[in-house]
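Residue-level listing of the chains:
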Amino acid sequence: MTYQPTAGGWRASPLRQSGASWPFDWTGEITAIDPAARSHRYVATVRQSGSCPLAEAQTNLRVMAEAANMLGVLRATAQVLDMSNPEHDAFVDSGADCLDALLRQELAIRQILHRIAGSPLSAAA
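What this report covers is the structure whose coordinates are included nearby. (Residues numbered from 1 in each chain as written. Predicted model: local features only at pLDDT ≥ 70, side-chain atom pairs only at ≥ 80, totals over all residues. Heavy atoms only, no water.)

What follows is about the environment of Arg-104. Structurally, Arg-104 can be placed in the loop between α3 (95–103) and α4 (106–117). Sequence separation between Arg-104 and Thr-77 is 27 residues; the distance between their C-alpha atoms is 9.9 Å. One polar contact links Arg-104 to Asp-100, side chain to side chain, over a distance of 3.0 Å. (Helix = DSSP H or I, 4+ residues; strand = E, 2+ residues; numbered from the N terminus. Polar contact = N/O pair within 3.5 Å; in protein donor to acceptor, adjacent residues only side chain to side chain.)

Have a look at this one:
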């Protein structure tokens, strides 16, 4: 059985401290946003140890919120690998076609990196 990620763009809430005394945890929620229906759907609550620095915990939460997008990029990259494999049915006898298919993923990859780490979107940066 194959499970598909929840449809819609995933968003992470800000982290908050759960509990007033040590040891506390950082918690945050991930929801899926459907702009057409103007609805939010709960995906997960992420709980991390309070011993984890806030910045690291926030980065971890952002990475988890990008899981659906990362899965899409990995699938597209696997298709490029299939195009590059002479023993696969999708093989194309052109390195340029493979590179073109890979470059179509550039913006998606850069957007994921930007949302997770605040990395610049441009290739020159």
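Our next topic: the side chain of Gln-48. Here Gln-48 is to be found in strand β4 (residues 39–49). Under the relative-accessibility criterion, Gln-48 is labelled buried at 10%. (Buried < 20%, exposed > 50% of the residue type's maximum accessible area, 1.4 Å probe, protein only.)

On inspection of all chains with the given rule, the structure shows five salt bridges. Where Arg-110 meets Glu-106, a salt bridge forms, and the shortest distance between an N and an O atom there is 3.0 Å. Of this pair, Arg-110 and Glu-106 are both found in helix α4, four residues apart, which corresponds to roughly one turn of the helix. (Salt bridge = Lys/Arg side-chain N within 4 Å of Asp/Glu carboxyl O.)

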